[in-house]
Amino acid sequence: MKLLRTEAECRSWRDSLPEKSKLCFVPTMGALHAGHAALLRRARARGDATALSIFVNPLQFGPNEDFARYPKAFEKDLEIARAERVDAVFAPSVETLYPTGFSTTVEESALSLPFCGPFRPGHFRGVCTVVLKLFHLIEPQESLFGLKDAQQFLVLRKMARDLSLPTEVLGVPTVREADGLAMSSRNAYLSPVERSKAPLLNGSLLRLKMAWEKTKSAEEMGRSLKREREVLEDAGFQIEYLEGRTFPMLGAPLQARDPVIFAVAARLGSTRLIDNEITELADPHAYGILEASPSSSVQG
Ligand code: AMP
């Protein structure tokens, strides 16, 4: 496994691959867990070579967010990458990707607006900018993202289409702990009491999804959303949003015939958690969504 630090190293590794080989790419911010491992496993299964990037991207963090304290576990990350038979890890410094004077950004301006949009101004601009740079450096045929961050997946898929990028953006179903909590590097921030409450988020989303699939009534959904908001607030969550929108356009109001995504962002103490559930899709592949990965060899 190659460890690449500079743009030049990255390009020269890319150039060393056989011309016809299919490269699958998984961008991350490190502190890898079984959710990331599932993406790597999918990538390995789909391509001839797998690249992983580890970069905590300052451009996607707001001034009062957790950039400075974002969990880091570089040596363990490399072990996981080796176990998943990654061919190259690109782990640049901030100065490498954003040299002094850096002044160009990329913005998707429709799917970035709802859900996290108002609560994390500039977040998706930061995500699009770094991912576009990584796509140019790695030149993958396919890039895999987790549905845990479904809005991010949709924004990046749109960016790739709108800017005619030669990489296919694919989504991989969310990997969860046994109690339903979506795996996340940020779960490490939770105290034991917070950790015991955290699965309530997914419980609420599953009830919302079931209620919608049963009633297909926007009025009933309004009542269910109010009820679930109370359940979560009573448990101590500070909710940023708890909403149902059409999938994949993230529109409102809900139409009986559209697939729906229920999404939540909430704080538990100082930790911001997000999760979502998407109603049954007749053809997930039409949205770039892959089947769930075979179970990972890497835990936690
Ligand atoms: P992050 O390191 O949090 O930026 O995540 C890197 C990639 O892993 C993103 O595409 C995430 O959506 C994905 N990811 C994170 N957690 C999970 C999870 N629990 N299940 C599936 N994918 C995940």
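Preceding this paragraph is the structure being described.
Residues numbered from 1 in each chain as written. Predicted model: local features only at pLDDT ≥ 70, side-chain atom pairs only at ≥ 80, totals over all residues. Heavy atoms only, no water.

A. Up close: the sheet that holds strand β7 (residues 238–246). Strand order across the open sheet formed by three strands is β7-β8-β9, with antiparallel pairing between neighbours. Pairing within the sheet leaves two strands with one partner each, and these edge strands are β7 and β9 (271–278). Strand-to-strand twist of the sheet, defined as the mean angle between neighbouring strand axes without regard to direction, takes the value 10°. Looking at chain direction, strand β8 (residues 260–268) and β9 are connected through eight bridges and run antiparallel. Each bridged residue has a counterpart across the sheet, and for I261 the counterpart in β9 is I278. (Pairing = 2+ DSSP bridges. Helix = DSSP H or I, 4+ residues; strand = E, 2+ residues; numbered from the N terminus. Axes fitted to C-alpha atoms, helices over the stretch in contact; angles between N-to-C directions.)

B. Quick look at the packing of aromatic side chains. The final tally for this structure, using the stated rule, is nine aromatic pairs. Aromatic rings pair up to connect F25, F135 and F145 into one cluster. The cationic tip of R245 hangs over the ring face of F115; the distance from NZ or CZ to the ring centre is 5.9 Å. (Phe/Tyr/Trp six-rings, centres within 6.5 Å; stacked < 30°, edge-to-face > 60°. Lys NZ or Arg CZ within 6 Å of the ring centre and 35° of its normal.)

C. Just helix α3 (residues 74–83), in detail. Taken together, the buried positions of α3 are occupied by D77, L78, I80 and A81. On an axial view of α3, the arc spanned by its buried residues comes to 160°, and they lie on one face. Opposite its buried face, α3 presents the exposed residues E75 and E79, each directed more than 90 degrees away. Elements in contact with the buried residues of α3: β1 (2–4), α2 (34–46), β3 (49–54) and β4 (88–90). (Buried < 20%, exposed > 50% of the residue type's maximum accessible area, 1.4 Å probe, protein only. Arc of directions from axis to C-beta. Contact = heavy atoms within 4.5 Å.)

D. The arrangement of the environment of A73 in detail. The topology assignment puts A73 in the loop between β3 and α3. Using a relative accessible area of 28% as the deciding quantity, one classes A73 as partly exposed. C-alpha of A73 to C-alpha of A31: the two residues are 42 residues apart in sequence and 5.1 Å apart in space.

E. Fine view of the environment of S204. Relative to the assigned elements, S204 resides in helix α8 (residues 200–215). Classification of S204 as buried rests on a relative accessible area of 0%. Discounting residues that sit within four places of it in the chain, S204 has contacts with E228 and L232. Side chain to side chain, S204 and E228 meet in a polar contact 2.9 Å long. (Polar contact = N/O pair within 3.5 Å; in protein donor to acceptor, adjacent residues only side chain to side chain.)

Bear in mind that shape data such as this cannot, by itself, settle questions of function.
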